[in-house]
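Listed below, chain by chain, are the residues.
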Amino acid sequence: MEHLKPVPVTTGPGEGQNLSVVGDTYRILITGKETEGAFAVIDMLIPPNGGPGPHAHAGFQESFYVIDGEIEVKSEASTYIAKKGSFVTIPKGGIVHCFKNKTDYVAHLLCVVVPSGLEAFFMEIGQPVAMGTFLAPPSMDEETINKILPIVEKYGQKLFPPDYLG
């Protein structure tokens, strides 16, 4: 019998693309290609001192659920310590934000992006790795920034200096 309706998409425990992005390890659970652009879901492991620097993206909402550990979430509006069980949403509109793991243990986050697109950015800039493998973050020297800037802009992102949020 032919299916006329969309079928469920499943991603098993060992499935999904694992990528090293800024020293963190992200597993892409579902992409915009699989959701007709509606959303994407990314399983994130953030090592001690890990997390992206200040950035903004006006075109999508980014939400995090802290499965384990904790992260410090900074924005132009406030600073929040998101502990296990916390949920954080960065709304559309382009507020500058970042998050850092300031603990001695790995933080585990589930990230949902609406609409999709962030996962495609990660797939373009990330390096394939085994889940739980952490690569050193790239040095953000002028050459690296000039190389990554066109990709950042292609996906509607803006980067800010590391000390932008204080």
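Here the structure is shown first, and the text comes after it.
These numbers come from a predicted model, not from an experiment.

K.L.:
What exactly am I supposed to notice about helix H1 (residues 118-125) here?
P.N.:
What sets the pattern is the α-helix's 3.6 residues per turn: residues three or four places apart point alike. Listed as buried for H1 are Leu118, Glu119, Phe121 and Phe122. Taken around the axis of H1, the buried residues stretch over an arc of 155 degrees, which confines them to a single face.

K.L.:
What exactly am I supposed to notice about the packing of aromatic side chains here?
P.N.:
All told, the structure shown has five aromatic pairs when counted by the stated rule. Ring geometry for tyrosine 26 against phenylalanine 122: centres 4.7 Å apart, planes inclined by 55 degrees, an arrangement best described as tilted. Of the two residues, tyrosine 26 sits in strand E2 (residues 24-30) while phenylalanine 122 sits in helix H1, which places them 96 residues apart along the sequence. Exposure class is identical for tyrosine 26 and phenylalanine 122. Each is buried.

K.L.:
I keep staring at the environment of phenylalanine 121 and nothing clicks. Help me out?
P.N.:
Structurally, phenylalanine 121 can be placed in helix H1. Overall, the relative accessible area of 7% leaves phenylalanine 121 in the buried class. For the pair phenylalanine 121 and serine 78, spaced 43 residues apart in the sequence, the C-alpha separation amounts to 26 Å. Other than its neighbours up to four places away in sequence, phenylalanine 121 contacts Ile151, Val152, Tyr155 and Gln157.

K.L.:
Can you walk me through the pairing of strand E3 (residues 40-46) in this structure?
P.N.:
Working note: regular strand, side chains alternate between the two faces of the sheet. The element E3 is extensively covered by neighbouring structure, given that seven of its seven residues are classed as buried. With five bridges joining them, E2 and E3 adopt antiparallel strand pairing. The partner of arginine 27 across the bridge, within E3, is aspartate 43. When E3 meets strand E10 (residues 107-114), the two strands line up antiparallel, connected through seven bridges. Opposite valine 41, over in E10, you have valine 112 as the bridge partner.

What counts as what
Every chain is numbered independently, its residues counted from 1 as its sequence is written. Residue-level local features of this predicted model are given only where pLDDT is at least 70; pairs of side-chain atoms are given and counted only at 80 or more, and the full residue set underlies all totals for whole chains, interfaces and linings. Side-chain measures were taken over the full set of non-hydrogen atoms in the model, leaving aside hydrogen atoms and water. When accessible area is computed with a 1.4 Å probe and restricted to protein chains, residues below 20% of their type maximum are described as buried, those above 50% as exposed, and intermediate ones as partly exposed. Strands are runs of DSSP state E lasting at least two residues, helices are runs of H or I lasting at least four, and both sets are numbered from the N terminus onward. The arc in question is traced by the directions running from the helix axis to the C-beta atoms. Two rings belonging to Phe, Tyr or Trp (six-membered ring only in the last case) form a pair when the distance between their centres is within 6.5 Å. Interplanar angles under 30 degrees mark stacking, angles over 60 mark edge-to-face geometry, and anything in between is tilted. Contacts are assigned to residue pairs that have any heavy atoms within 4.5 Å of one another. Paired strands are those between which DSSP finds at least two bridges.

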